[in-house]
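Overview (structure and organization)
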Amino acid sequence: MDHLRPEARRIAEKPAIERLDCFATDRWIGYSRAQDALKRMDMLLATQPGRVRPQNMLVVGPSNNGKSTIAEKFQRQHPRRSSEERDRHIFPVLSVQMMPDVTAPRFYAQLLDALGSPLGNIRKTDRRNALTLNLMRACGVRLLVIDELHNLLCGPSSRQREILGLIRYLGNELRIPIVALGTKDAWLALRLDDQLENRFQPFLLSKWGDDAETGRPLASFETVIPLRGPSGLGLPALRRVIVERSEGLIGEMHQLLSSAAAHALTEGRERIEREDLLRCPFQAPSYRRQMMGRELRA
């Protein structure tokens with residue numbers, strides 16, 4: 001089992017029935033584009049706090065193509081810690097998710113909740129604003145992550161501009177960089193605010209193709225899937241099937257390979273074969289949309 005990482009090798013030694021639950025576990029696969037994104041985020045964290053107009057970053061990609069996974073990995077790399085005085089937590093990175101029905105009070109409430117602060121009886125926006133800024137300073141926030149930024153477009157245009165202005169205000173007032181993540185609609189949202197758009201450098205996470213670049217993360221996936229035999233996931237024969245069935249989305253690849261691995265084990269095999277990729281209970285995104293469309297028209 002030299003093709004497996006040590007932790008996966010230990011799991012692979014267990015009986016097949018005990019391994020079935022392991023395939024659905026989320027795993028970090030450090031493919032090159034994800035590592036590049038993390039390096040860019042680390043650079044912002046190291047160089048931009050304290051600047052008058054800090055630079056920001058927008059990670060753009062299709063749904064289920066690894067954006068939130070990158071944000072979670074970055075958060076784990078910079079966890080909160082206790083202050084030297086032991087009287088508060090220090091948050092080098094503060095992370096929130098944009099709500100579809102967001103308002104300014106709700107956004108402040110999200111920030112306060114992420115900081116672990118009870119809202120108490122505060123209702124006025126200006127008081128909540130002051131409290132949020134003071135707590136973010138006291139807790140040493142150096143970078144703000146906003147996931148699912150495209151949800152901003154769910155609200156009316158006046159509210160979209162209000163929230164964008166609030167995001168710009170937080171960056172200016174606290175002098176911290178902001179990393180936003182979302183689909184291409186996130187970029188459309190930022191374009192509503194010229195000043196904010198100019199400060200966000202886009203970072204694209206495109207769909208994957210049937211090429212050697214895709215073979216590398218697939219080979220990495222194979223090292224953490226606890227099957228006793230090598231499958232050759234990154235080689236052209238299986239790679240082509242994986243890309244086609246997952247439609248080039250890395251989140252879908254993970255689900256497909258987890259399902260195919262479980263299918264192989266139930267069939268008595270210790271490697272993933274083409275048959276497992278085609279017959280496992282996995283539905284591609286386009287198929288799911290097609291089925292739902294039929295149901296809605298019925």
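Described in the following lines is the structure provided in the data block. Residue positions are given per chain, counted from 1 along the sequence in the order it is written. Side-chain atom pairs in this predicted model are given and counted only at pLDDT of 80 or more, local residue features only at pLDDT of at least 70, and totals for whole chains, interfaces and linings cover all residues. Heavy atoms throughout the structure, all of them, feed into the side-chain values; hydrogens and water do not.

1. Quick word on the overall build of the protein
Helix and strand assignments follow DSSP, with helices taken as H or I runs no shorter than four residues and strands as E runs no shorter than two, numbered in order from the N terminus. Tallying secondary structure elements over the protein gives 14 helices and seven strands in all. Once the C-alpha set of the protein is aligned to its principal axes, its extents read approximately 65 × 55 × 35 Å. For each residue, the accessible area found with a 1.4 Å probe, counting protein chains only, is set against the maximum for its type, and the residue is called buried under 20%, exposed over 50%, and partly exposed in between. Counting over 298 residues, the protein shows a buried share of 49%. Of all intrachain contacts in the protein linking residues separated by at least 6 positions in sequence, the fraction that spans at least 24 positions is 73%. Reported accessibility uses the Shrake-Rupley method at a 1.4 Å probe radius. Residues are deemed covered only where the shown protein chains occlude them. Carbon and sulfur atoms provide 49% of the accessible area of the protein, an area that totals close to 15100 Å². Only four residue types enter the tally: Lys and Arg on the positive side, Asp and Glu on the negative side, with His and both chain ends excluded. Working definition for charges: the position is that of NZ of Lys, CZ of Arg, CG of Asp or CD of Glu. Charge-centre separation for the protein: the mean point of 46 positive side chains lies 4 Å from the mean point of 36 negative side chains. Any two residues whose heavy atoms approach within 4.5 Å are treated as being in contact.

2. Concerning unusual backbone geometry
Note on backbone geometry: most residues besides glycine have negative phi, and most peptide bonds are trans. In this structure, R175 is a non-glycine residue whose phi angle is positive, near 55°. Structurally, R175 is set in the loop between α7 (157–174) and β6 (178–182). Here the phi dihedral of E247 falls at roughly 60°; this positive angle occurs in a residue that is not glycine. Of note, E247 is situated in the loop between α11 (236–246) and α12 (250–266).

3. Concerning the packing of aromatic side chains
Two aromatic rings from Phe, Tyr or Trp, using only the six-membered ring of Trp, form a pair when their centres are within 6.5 Å; if the ring planes differ by under 30 degrees the pair is stacked, by over 60 it is edge-to-face, and anything between is tilted. Within the structure shown, the criterion is met by one aromatic pair. Plain terms: the ring middles of Y31 and W208 are 5.1 Å apart, the flat faces sit at 80° to each other, and that makes the pair edge-to-face. Note that Y31 is positioned in the loop between α2 (16–19) and α3 (32–47) and W208 in the loop between β7 (200–204) and α10 (212–222), a separation of 177 residues in sequence. Residue Y31 shares its accessibility class with W208, and that shared class is buried. For a ring to carry a charge above it, either NZ of a lysine or CZ of an arginine must fall within 6 Å of the ring centroid while also lying within 35 degrees of the normal to the ring plane. A cation over an aromatic ring shows up here: R33 above the ring of F203, its NZ or CZ 3.9 Å from the ring centre.

4. Some thoughts on helix α4 (residues 67–77)
Every buried residue of α4 is listed here: K67, I70, A71 and F74. Buried residues of α4, seen end-on, are gathered within an arc of 100° and therefore sit on one face of the element. Close packing links the buried residues of α4 with α3, β1 (56–60), β4 (93–97), β5 (143–147) and β6. Here the arc refers to the directions that run from the helix axis out to each C-beta atom.

5. Some remarks on the environment of Q160
Note that Q160 resides in helix α7. Through-space distance from the C-alpha of Q160 to that of Q75 is 26 Å; in sequence the pair is 85 residues apart. Discounting chain neighbours no more than four positions away, the residues touching Q160 are L152, L153, G155 and L192.

6. Some points on the sheet that holds β7
Two strands are said to pair when DSSP picks up at least two bridges between them. Pairing within the open sheet is parallel, and its five strands lie in the order β4-β5-β6-β1-β7. Both outer strands of the open sheet, β4 and β7, are each paired with one neighbouring strand and no more. Across the sheet, the axes of successive neighbouring strands diverge by a mean angle of 20°, strand direction being ignored. Taken together, the four bridges between β1 and β6 define a ladder with parallel strand orientation. Bridge pairing links V59 to L181 in β6. Along the sheet, helix α5 (residues 104–114) contacts β4 and β5; its crossing angle with β4, the most-contacted strand, is approximately 135°. Only the stretch in contact is used when a helix axis is fitted, and all axes are lines through C-alpha atoms; the angle between N-to-C directions ranges over 0 to 180 degrees.

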